[in-house]
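# Observations on the three-dimensional arrangement
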Amino acid sequence: MIQFDDVSKRYPGGHSALNHLSFQVDHNEMVFLTGHSGAGKSTLLKLIMMMERPTSGQVFVDGKNLNRLSSRKIPQHRREVGVVFQNHQLLFDRTVFDNVALPLIIAGFQPRDVGRRVRAALDKVGLLDKEKKSPVTLSGGEQQRVGIARAVVNKPKLLLADEPTGNLDPQLSAEIMHLFEQFNQVGVTVLIATHDLSLIARMPYRVMSLQEGQILHGGVSTL
Amino acid sequence: MSANAARRPVKSKPSEPKTPGTGASVKPIGLREKWQGYWANQRLVAGQTLRRLVKEPASSAMTVLVIGIALALPVVMLVALANIEQLGRGWDGTAKISLFLDQKLSDADAQRFANSLKSQAGVEAVEYRSSREALDEFRVMSGYGDVLNSLSRNPLPAVVLVTPKASEQMAETSRQLLELLVAKPEVAQAKLDLEWVQRLHAMMEIGKRITLALAFLLMLGVLLVIGNTIKLAIEARRDEIVVVKLVGGTNAFVRRPFLYTGFWYGLGGGLTAWVILQASLLILAGPVSTLAGLYESEYSLIGLGFGNTVMLWITSGLLGWMGAFLVVGRHLSGIEPR
């Protein structure tokens, strides 16, 4: 599903975020990505999202070579990847429903399909009764679940999460992780960047750890 | 407390999602659906942006008013010029040649000469006014009765008013007739009343050019005003733009609400300009009809007309759209998710 071939990313100014990185994530796999801050986790996710382009090497997502995608194709690529952010990236001037509906409206869905899909996604994260509320009125855990609903509403094959439990207490974190597990069980490939080691130690998934832009261990699929 | 609220729904959920296969596949939507969705989005954004402007009447009214006044100025000037032009056109056809006859000519000779002109080619009508009649008329019109009475002799010549035959090239044929008549020995001096109409036309041409230049400058101003307003709107919605781009919004999608906002501003300005124009016409209608009455004229003000009004609205809307378009491209490309 994801394949990095000898990928390096150097930022202007000489900082090297990723250093000849190669790994692979299979279809339907769930993988945790760990490492200290500055180890390159965010850069790795940004390359998959095409928020950055690699300095050298090649990134493949679902068989597509991202180097070959022009800037014009980036929106289409992003519609096929669901992303959950640590800071939710919700829009507070509109309702929960409208936040979740955004990717569908962007993709050009009909209003009736939008309603159906948004409610299905909200139901999955257990927020069906909050659709008319503003995200401001929700708790941190609920806001994160709105973010997850938005990430999956388009039914992506790949779900990325950048520190999805960063601001949550252990109990809520476990619930969020359980949610990701459920998506993985129905065939979504999930890649979660986190430094919550105690949490992932209790879960039976591959852990890939980064250090100074290189893979320390876990680069090979265990499936 | 928030933790509890958040926890409940997850636990109450069945561990298996209700719709099997959900999340596993991206079902591509058809071209027709995409097209329908595109237009649905256009309508949605048009409505949303309009509602947003109406919801903040204070700030948007300011911009709309500025645009309206800027557009009203050239529009009012153009309508004023059209009115003056109409005035000139009304008098084109009544141009007469005044022949001032030689004072040595006797009254009878003068009368005979006037009659002979009636058979002249290109002459529609001839009106003879003897020097005595001219003096009487002048005495009544001018109010210098006493002064004129004290004169030893009549200083005014006999006058023949010649109306040229109406034709397409009125000005040209009138001038030819004038040259013909001025050469006659009985005529001391001849004057074509068309001259002031031509001067008027020349002045109108200058007025038109000035109005066009002004309109151009003010339209440029409108572009800048709208551009600046949209720039501020983009800055205010920076977070939203980032999120939209993150979840796969194309540049066109991000641009759309701003273009519509610019369009609404422009259209609002056009409507305001129209209201200003109508108000000006309404205020002037009374005095103008009084003035026309004094000249025994049926003259009344002409407005912009239906076609030109629609034109004004379309132009102002497009102007707004363009003002937005000019800044949107430059500023949106700078806002990328980091």
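Residues numbered from 1 in each chain as written. Chains lettered and ligands numbered in written order. Predicted model: local features only at pLDDT ≥ 70, side-chain atom pairs only at ≥ 80, totals over all residues. Heavy atoms only, no water.

## Examining the overall build of chain B
Rule in force here: Helix numbers and strand numbers start at the N terminus; a helix is a DSSP run of H or I with at least 4 residues, a strand a run of E with at least 2. Burial status follows relative accessibility: with a 1.4 Å probe on protein chains alone, a residue under 20% of its type maximum counts as buried, one over 50% as exposed, and anything between as partly exposed. The contact criterion used is simple: two residues touch if any of their non-hydrogen atoms lie within 4.5 Å.
Counting its regular elements, chain B contains 11 helices and four strands. Across the 338 residues of chain B, 38% fall into the buried class. Looking at chain B alone, contacts between residues at least 24 apart form 81% of all its contacts between residues at least 6 apart.

## Some words on the nonpolar core
For the record, the criterion: We call a set of buried residues a nonpolar core when its members are Ala, Val, Leu, Ile, Met, Phe, Trp, Tyr or Cys and they connect through side-chain atoms within 4.5 Å of each other.
Counting 69 residues, the largest nonpolar core has Ile2, Phe4, Leu44, Ile48, Leu160 and Leu191 of chain A as its most contacted members. Ranked by size, the runner-up nonpolar core spans 41 residues in total, among them Val84, Leu127, Ala149 and Val153 of chain A.

## Side note on the confidence of the model for chain B
Residue and element names in this part refer to chain B. As a reminder, the rule being used: Residue-level confidence of the predictor is what pLDDT reports, using numbers from 0 through 100.
The predicted model of chain B averages 81 in pLDDT, with 87% of residues at 70 or higher. Low pLDDT, under 50, characterises residues 1-26; the stretch is placed with 47 contacts to residues that sit more than four places away or in other chains. We note a pTM of 0.71 for the whole complex and an ipTM of 0.87 for its interfaces.

## Brief notes about the environment of alanine 273 of chain B
All names here are of chain B. Summarising the element assignment, alanine 273 is placed in helix H10 (residues 251-294). For alanine 273, a relative accessible area of 0% gives the class buried. In this structure, the C-alpha to C-alpha distance between alanine 273 and glycine 286, residues 13 residues apart in sequence, is 21 Å. Ignoring any residue separated from it by four or fewer positions in sequence, one finds alanine 273 in contact with Gly68, Leu71 and Ala72.

## Observations regarding the pattern of salt bridges
Let me state the cut-off plainly: Any Lys or Arg side-chain nitrogen found within 4 Å of a carboxyl oxygen on Asp or Glu counts as a salt bridge.
Counted by the stated rule, this structure contains 17 salt bridges over all chains. For glutamate 80 of chain A, the salt bridge goes to lysine 64 of chain A, with nearest N and O atoms at 2.9 Å. Of this pair, glutamate 80 of chain A sits in the loop between helix H2 (74-79) and strand E6 (81-84) while lysine 64 of chain A sits in strand E5 (residues 64-65); the two residues are 16 residues apart in sequence, bridging distant segments of the chain. What makes glutamate 80 of chain A partly exposed here is its relative accessible area of 28%. We note a salt bridge from glutamate 137 of chain B to arginine 129 of chain B, for which the minimum N-O separation is 3.1 Å. Taking the relative accessible area as the measure of exposure, glutamate 137 of chain B reaches 34% and is therefore partly exposed. Residues participating in the shared-partner salt-bridge network are Asp93 and Arg94 of chain A together with Arg237 and Glu240 of chain B.

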